[in-house]
Amino acid sequence: MRKWLVMLAFVVGPPAWGNNAHPNMDAQAILKQQQEIRAELDKPAGRFKHLSSDKRESVFASQGAVASLLDGKQSMNDLKEADRIVVFNALENIEGILNQAEDDRMICERTKPVGSNRPKTVCMTVAERRAVREQSQRDVSNRTQSCFKGQDNCI
């Protein structure tokens, strides 16, 4: 089965070589591709007939977000960085659903590291985020159990 490839937008800005014609930065090419995906989704016997209605609705919502942000834009560079992140996450959501690869979907967010006022873009896959969350839960659980056992390293 051939995977459906979704154009992904660069989050942090233009490519280092300064060429604004890169296909991932072309807003109109992204919108055209989303229209093609939408046409396939609307076909009852199309390539995506296996998708449940809630997954279809999720794709449609993500496509709506992409369309509203890219409407009238020629390049991803025309967007603010926060809006580029929203577009990137929406395109990743669409790709994850269509390729049935939810764990490989990339999620980006702007965070301010502790002790700094400079925001930073942090991107991790769904699987990586889950692993970090589970490790944090194990660490807290282990610390709590060691405190109940009367060890001296408790606060």
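Per chain, the residues get numbers from 1 upward, laid out in the order the sequence is written. Given that this is a predicted model, residues contribute local features only at a pLDDT of at least 70 and side-chain atom pairs are listed and counted only at 80 or more, while totals for whole chains, interfaces and linings are drawn from all residues. As a rule here, side-chain values come from all non-hydrogen atoms in the structure, and water together with hydrogens is ignored.

S.K.: Explanation requested: the overall build of the chain in the structure shown.
M.R.: Runs of H or I in DSSP of at least four residues are treated as helices and runs of E of at least two as strands, each being numbered from the N terminus. On a plain count of helices and strands, the chain comes out with four helices and two strands. Listed N to C, the secondary structure of the chain is α-α-α-β-β-α in terms of helices and strands. Exposure classes here rest on a 1.4 Å probe applied to the protein chains alone. A residue is buried below 20% of its type maximum, exposed above 50%, and partly exposed in between. When the 155 residues of the chain are sorted by exposure, 35% land in the buried category. Once local pairs closer than 6 in sequence are excluded, the contacts in the chain between residues at least 24 apart make up 50%. Methods summary: accessible areas were calculated by the Shrake-Rupley approach with a probe of 1.4 Å, and residue burial reflects only the protein chains presented. A total of about 9800 Å² of accessible surface is found on the chain, and carbon and sulfur atoms cover 53% of it. In this analysis, two residues are considered to be in contact whenever any of their non-hydrogen atoms come within 4.5 Å of each other.

S.K.: Any chance you could explain the packing of helix H2 (residues 53-70) against helix H3 (residues 81-98) here in plain terms?
M.R.: The axes of two packed helices give the description: the angle between them and the distance between them. Here H2 crosses H3 at 150°, and the two axes come no closer than 9 Å. By the angle class used here, H2 and H3 are roughly antiparallel. By crossing handedness, the relation of H2 to H3 is classed as left-handed. Across the interface between the two elements, Lys 55, Ser 58, Val 59, Ser 62, Gln 63, Val 66, Leu 69 and Leu 70 from H2 touch Asp 83, Val 86, Val 87, Ala 90, Leu 91, Asn 93, Ile 94, Ile 97 and Leu 98 from H3. Here the residues of the contact of H2 with H3 sort into 11 nonpolar, four polar and two charged. Throughout, an axis means a line fitted to C-alpha atoms (over the contacting stretch in the case of helices), and angles, computed between N-to-C directions, take values from 0 to 180 degrees. Angles below 35 degrees are treated as roughly parallel, those above 145 as roughly antiparallel, those between 65 and 115 as roughly perpendicular, and all remaining angles as oblique. Helix crossings fall into two classes, left-handed where the near helix is turned counterclockwise from the far one by less than a right angle and right-handed where it is turned clockwise. Each residue receives one of three labels: charged for Asp, Glu, Lys and Arg, nonpolar for Ala, Val, Leu, Ile, Met, Phe, Trp, Tyr, Cys and Pro, and polar for the others, Gly being one of them.

S.K.: What am I meant to see in the confidence of the model for the chain here?
M.R.: Regions with low pLDDT should not have their predicted coordinates read in detail. Summing up the model confidence of the chain, the mean pLDDT is 80 and the portion of residues at 70 or higher is 81%. Ranking the elements of the chain by mean pLDDT puts helix H4 (residues 126-148) last, at 86, and H2 first, at 92. One number per residue, pLDDT, summarises how confident the predictor is, and it ranges from 0 to 100. When the criterion is pLDDT under 50, residues 4-21 qualifies, and its contacts beyond four places in sequence or with other chains add up to 53 contacts.

S.K.: For this particular structure, what's the right way to read the side chain of Glu 92?
M.R.: Looking at where Glu 92 falls in the secondary structure, it is placed in helix H3. Between N or O atoms, a polar contact is any pair within 3.5 Å; within protein, one atom must be a potential hydrogen donor and the other a potential acceptor, and residues adjacent in sequence are included only when both atoms are from side chains. A polar contact of 2.7 Å, which involves the side chain of Glu 92, links it to the backbone nitrogen of Met 106.

S.K.: Mind showing me how you'd approach the pattern of salt bridges here?
M.R.: As a working rule, side chains carrying opposite charge can pair if their charged atoms are close by. By definition, a salt bridge exists where a carboxyl oxygen of Asp or Glu is found within 4 Å of a side-chain nitrogen of Lys or Arg. According to the stated counting rule, one finds five salt bridges in the structure shown. Glu 36 is the partner of Lys 32 in a salt bridge, and the nearest nitrogen-oxygen pair spans 3.4 Å. Residue Lys 32 and its partner Glu 36 are both found in helix H1 (residues 27-42); the two are separated by four residues, about one turn of the helix. With a relative accessible area of 39%, Glu 36 lands in the partly exposed category. With its nearest N and O atoms 3.2 Å apart, the salt bridge here joins Lys 43 to Glu 40. The class for Glu 40 is buried, based on a relative accessible area of 17%.

S.K.: Hey, could you run me through H2 in this one?
M.R.: Side chains that are three or four residues apart share a direction in an α-helix, a result of its 3.6 residues per turn. Expected helix span is given by 1.5 Å per residue-to-residue step, counting one fewer step than there are residues. Relative to the 26 Å expected for 18 residues at 1.5 Å per residue, H2 spans 25 Å between its end C-alpha atoms, a close match to the ideal helical length. Buried positions along H2 lie against H1 and H3. Within two residues after H2, Gly 72 carries a phi angle of roughly 80°, on the positive side.

S.K.: I keep staring at the environment of Phe 88 and nothing clicks. Help me out?
M.R.: In this fold, Phe 88 is placed in helix H3. Classification of Phe 88 as buried rests on a relative accessible area of 9%. Taking C-alpha positions, Phe 88 is 8.1 Å from Ile 107, a pair spaced 19 residues apart along the chain.

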